[in-house]
Amino acid sequence: MDPKSQRVKLNDGHFIPVLGFGTYAPEEVPKSEALEATKFAIEVGFRHVDSAHLYQNEEQVGQAIRSKIADGTVKREDIFYTSKLWCNSLQPELVRPALEKSLQNLQLDHVDLYIIHSPVSLKPGNKFVPKDESGKLIFDSVDLCHTWEALEKCKDAGLTKSIGVSNFNHKQLEKILNKPGLKYKPVCNQVECHPYLNQSKLLEFCKSHDIVLVAYAALGAQLLSEWVNSNNPILLEDPVLCAIAKKHKQTPALVALRYQVQRGVVVLAKSFNKKRIKENMQVFDFELTPEDMKAIDGLNRNIRYYDFQKGIGHPEYPFSEEY
Ligand code: NAP
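Below is a summary of the structure that appears in this document.

Basis of the calculations
- All residue numbers refer to positions counted from 1 along the written sequence of the respective chain.
- Under the rules for a predicted model, residues below a pLDDT of 70 receive no local features and side-chain atom pairs below 80 are neither given nor counted, while totals for whole chains, interfaces and linings still include all residues.
- Hydrogens and water are ignored here; the side-chain numbers use all heavy atoms of the structure.
- For helices, the axis comes from a line fit to the C-alpha atoms of the stretch in contact; other axes are also lines fit to C-alpha atoms, and the angle between any two N-to-C directions lies between 0 and 180 degrees.
- In this description a helix means any DSSP run of H or I spanning at least four residues, a strand means any run of E spanning at least two, and both kinds are numbered starting from the N terminus.
- Small angles under 35 degrees read as roughly parallel and large ones over 145 as roughly antiparallel, with 65 to 115 read as roughly perpendicular and the rest as oblique.
- Contact between two residues is taken to exist if any of their heavy atoms lie within 4.5 Å; hydrogens are not considered.
- Each residue is assigned to one of three groups, with Ala, Val, Leu, Ile, Met, Phe, Trp, Tyr, Cys and Pro labelled nonpolar, Asp, Glu, Lys and Arg labelled charged, and all others, Gly among them, labelled polar.
- Whether a residue is buried, partly exposed or exposed follows from its accessible area with a 1.4 Å probe, protein chains only, as a fraction of its type maximum: under 20%, in between, or over 50%, in that order.
- Here, any two strands with at least 2 DSSP bridges between them count as paired.
- The cutoff for a nearby residue is simple: one of its non-hydrogen atoms must lie within 4 Å of the molecule or strand.
- Here a polar contact is recorded for every N or O atom pair within 3.5 Å, except that within protein the pair must consist of a potential hydrogen donor and a potential acceptor, and residues adjacent in sequence are included only if both atoms are side-chain atoms.
- For every accessible area listed, the method is Shrake-Rupley and the probe measures 1.4 Å; residues are considered covered only by the protein chains on display.
- Crossover handedness is defined by viewing with both strands directed away from the observer: a clockwise path from the first strand over the helix to the second marks the crossover as right-handed.

1. Let's talk about the packing of helix α8 (residues 252-262) against helix α10 (residues 290-297)
Okay, step 1: One can describe the packing of α8 onto α10 by two numbers: an axis separation of 11 Å at closest approach and a directional angle of 105°. The angle between α8 and α10 places the two elements in the roughly perpendicular class. On α10, the residues touching Val255, Tyr259 and Gln262 of α8 are Met293, Ile296 and Asp297.
Okay, step 2: In terms of residue class, the contact of α8 with α10 is made up of 4 nonpolar, 1 polar and 1 charged.

Here it is, written out as structure tokens:
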């Protein structure tokens, strides 16, 4: 099967490839690895690339995309690129400058998808994670509907083809959907999603509103990241996933990715390792049975790797709601 044709139609008429390449890596990883890994990912067939201003690698990721266009591997329209609006720029007047900064770093004239990274607004300024003397995050307050209106303007200006959100719970999505004068619905909600946190209720909600759920940490997250709660069990060592993988002569990682594809979820996979980048493209080469899907559904246990505990106490902290 040609992975490039595996796309889902968004509610604004654009298409998103169901498998995306994640580019986030902890700060100590040299940014040059994002450049090499993204180039290789495009060479082996990835057409959807996910990054963010927060990851501080848009220069390298943009360079990778441009070099694969320049050498004739792809055309710009073959690539679906997502960037994200960080929490310190949720005030409406900061939205367009933030996207323009990403475009400048990328050296691209538009992104395909621009999403609000998280509903937890932080103090505007140069610091990604502004803290007071006691180490507590400095929160900011914004009406997310106003942030959304600024994203709508970015779409109208042609700086992004589509707009969406990330880490929103269903009440926050509802707030946007019910906004008087809404011009564009969010096309997606990008959230943590894997067999230990399968998001079945949020997925059902999103499907009922024609919003695509995009899964991050689908392989169980990067446990070395400062953002990750590493006290949690390692997903890819789960005995049920391992047994299903063995039965299909696949790896637990491929089973975790395939699980999402079969339930209508767009899935991101991060790897900076050539062998594993190539392996992850094989998600289209096999199928899980309904019994396999049911067994994986049974692994759900509300384990959240990226729990963003420091955001607890913010009125828009999203993870206190059931979904
Ligand atoms: P992930 O996709 O869950 O991957 C976790 C780890 O699995 C990677 O570090 C990778 O290590 C390893 N891996 C990859 N393929 C493998 C395979 N075939 N077999 C065994 N191990 C494999 O990681 P994630 O970075 O947490 O999430 C994916 C992407 O989602 C991010 O890169 C980012 O683009 C996005 N994201 C978004 C948010 C948000 O708030 N919106 C939050 C987190 C992440 P190696 O590199 O060593 O292969």
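Moving on from the coordinates now.
2. Looking at the pairing of strand β10 (residues 266-270)
Okay, step 1: Among the 5 residues that make up β10, 4 are buried, leaving the element largely enclosed by the rest of the structure.
Okay, step 2: Note: strand β3 (residues 19-22) against β10, 4 bridges, orientation parallel. By the bridge assignment for β10, glycine 20 is matched with leucine 268.
Okay, step 3: Summarising the sheet, strand β9 (residues 212-216) and β10 pair through 2 bridges and their orientation is parallel. Within the sheet, the bridge partner assigned to valine 214 lies in β10 and is valine 266.

3. Observations concerning the site of the ligand
Okay, step 1: In the vicinity of the ligand, 29 residues are found, and the nearest of them are Asp50, Gln222, Ser271, Arg276 and Tyr306.
Okay, step 2: Glycine 220 is positioned with one of its backbone polar atoms (N or O) 3.4 Å from an oxygen atom of the ligand.
Okay, step 3: In isolation the ligand offers 900 Å² of accessible surface; the protein chains occlude 87% of this area.
Okay, step 4: Its residues assigned to classes, the shell around the ligand shows 13 nonpolar, 11 polar and 5 charged.

4. Notes on unusual backbone geometry
Okay, step 1: Unlike most non-glycine residues, lysine 249 shows phi in positive territory, near 55°.
Okay, step 2: Structurally, the position occupied by lysine 249 is in the loop between α7 (239-248) and α8.
Okay, step 3: Non-glycine residue phenylalanine 308 carries a positive phi angle of around 45°.
Okay, step 4: The residue phenylalanine 308 is located in the segment after α10 in this model.

5. Focus on the pairing of strand β6 (residues 111-116)
Okay, step 1: The element β6 is extensively covered by neighbouring structure, given that 6 of its 6 residues are classed as buried.
Okay, step 2: Where strand β5 (residues 80-85) meets β6, 4 bridges bridge the pair, whose relative direction is parallel. When the bridges of β6 are listed, leucine 85 appears paired with isoleucine 116.
Okay, step 3: Note on the crossover from β5 through helix α3 (residues 92-106) to β6: the handedness is right-handed.
Okay, step 4: The sheet contact formed by β6 and strand β7 (residues 160-166) spans 5 bridges and is parallel. By the bridge assignment for β7, isoleucine 116 is matched with valine 165.
Okay, step 5: Handedness of the β6-helix α4 (residues 144-156)-β7 crossover: right-handed.

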